[in-house]
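The chain contents come next:
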Amino acid sequence: MPNPDVPYSLSHNMTRTEKCSRANCGQAVAASLDGEAFCREHFISTCYTRLDQYEEIRTGPGLSATNTDSVRRFIHECTRSADEIEHAGLDLDNLDRAKLLHIILSASELGRHLRRSPRKVATIAVRLSSERLGGAWEEDTETVLVSRYGALVRCKHPAKSGETIHVIRADTGEKVLARVAWQRPSGNDDTRIGVEFVACENFWGLDWGAVEEAR
Ligand SMILES: [Zn+2]
């Protein structure tokens, strides 16, 4: 029990746990991530930053077994907190509400990829084709890694994140629409892009169950 004669240490502790951990913020705590307490605004911005980082890793080098656990923990924490804030927040404006729902959706997509996307080192010859207005290009190249939902592909052209391109298999001529999800920063002579198929099951024709078991 706290001693009522020495209220300082108690109030000091409470102050520490009730205020956002960001320097110079001072807003009331809305949620915590990895043991760090954040106000609503900083919770949202931290979630966005982390989701972007994981997306870059996932579509680029790939999430390894070592960081899968921390990603799962993050998904769990941020989904639960975003959901709580969204339900409890009577003073939420529409923009904050939309951001929280976007966080929940993005986290669940990240989780879906963790569960269902084994990747396989595979060199498959493809042609990339961009029909961007004023900057259309084509490139014959090859994949570095493939997954059920996309691939990591060598690409010399300056593909932009979010841009849609076509991926055409050199062997079968099959064509699929894909979104550029990630690009290694330019200035590297072995540039790769991560692409995600917009709507396609098993473009690579691989037995993903067997790939998963072989991991
Ligand atoms: Zn804050």
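Check the entry above for the structure.
Model, not experiment: these values are computed from the prediction.

Conventions used here
Residues numbered from 1 in each chain as written. Predicted model: local features only at pLDDT ≥ 70, side-chain atom pairs only at ≥ 80, totals over all residues. Heavy atoms only, no water. Donors = N, O, S within 2.8 Å, 3.2 Å for Na, K, Ca; no water. Tetrahedral: all angles 85-135°; square planar, octahedral: opposite > 155°, others 65-115°. Buried < 20%, exposed > 50% of the residue type's maximum accessible area, 1.4 Å probe, protein only. Salt bridge = Lys/Arg side-chain N within 4 Å of Asp/Glu carboxyl O. Helix = DSSP H or I, 4+ residues; strand = E, 2+ residues; numbered from the N terminus. Polar contact = N/O pair within 3.5 Å; in protein donor to acceptor, adjacent residues only side chain to side chain. Contact = heavy atoms within 4.5 Å. Phe/Tyr/Trp six-rings, centres within 6.5 Å; stacked < 30°, edge-to-face > 60°. Core = buried A, V, L, I, M, F, W, Y, C linked by side-chain atoms within 4.5 Å.

**Student:** Residues and numbers for the coordination of the zinc ion, please.
**Tutor:** Taken together, Cys20 (SG), Cys25 (SG), Cys39 (SG) and His42 (ND1) make up the full set of protein donors to the zinc ion, lying 2.0 to 2.3 Å away. Taken together, the four donor atoms coordinating the zinc ion and their angles of 102 to 116° define a geometry best described as tetrahedral. Read N to C, the donor residues that coordinate the zinc ion are spaced as C-x4-C-x13-C-x2-H. Residue cysteine 39 shares its accessibility class with histidine 42, and that shared class is buried.

**Student:** Can you tell me about the pattern of salt bridges, naming the residues and giving the values?
**Tutor:** With the rule as written, the count across this model stands at 10 salt bridges. Among the salt bridges present, the one from aspartate 34 reaches arginine 50, with a minimum N-O distance of 3.3 Å. Taken as a pair, aspartate 34 in the loop between β1 (31-33) and β2 (36-38) and arginine 50 in helix α2 (residues 40-59) lie far apart in primary sequence, 16 residues in all. Looking at arginine 50, the relative accessible area reads 16%, which means it is buried. A salt bridge links arginine 154 to glutamate 142, with the nearest nitrogen and oxygen atoms 3.4 Å apart.

**Student:** Can you break down the side chain of arginine 169 residue by residue, with the values?
**Tutor:** Mapped onto the fold, arginine 169 is located in strand β7 (residues 164-169). A relative accessible area of 10% means that arginine 169 is categorised as buried. Here the side chain of arginine 169 touches aspartate 171 through a polar contact of 2.8 Å, side chain to side chain. Those residues within four positions of arginine 169 in sequence are excluded, and the remaining contacts are Ala125, Val126, Glu174, Phe203, Trp204 and Gly205.

**Student:** Explain the packing of aromatic side chains to me, using residue names and the numbers behind them.
**Tutor:** On inspection of all chains with the given rule, the structure shows four aromatic pairs. Centroid distance phenylalanine 197 to tryptophan 204: 5.8 Å. Interplanar angle 50°. Geometry classified as tilted. The buried category is assigned to phenylalanine 197, whose relative accessible area is 10%. Seen in terms of ring centroids, phenylalanine 203 and tryptophan 204 are 5.0 Å apart; in terms of plane orientation they differ by 65°. Their pairing is edge-to-face. Accessibility assignment for this pair places phenylalanine 203 and tryptophan 204 in one class, buried. Joined through ring pairs, the aromatic side chains of Phe197, Phe203 and Trp204 make up one cluster.

**Student:** Would you mind going over the nonpolar core in detail, with residue names and values included?
**Tutor:** Among the nonpolar cores identified, the biggest contains 23 residues, and Leu33, Phe43, Cys78, Leu100 and Ile103 are the most heavily contacted of them. When residues no more than four places from it in sequence are discounted, the contact partners of isoleucine 103 are Ile44, Cys47, Tyr48, Leu51, Cys78 and Ala82. Listed in part, the 22 residues of the second largest apolar core include Ala151, Ile165, Ile193 and Trp208.

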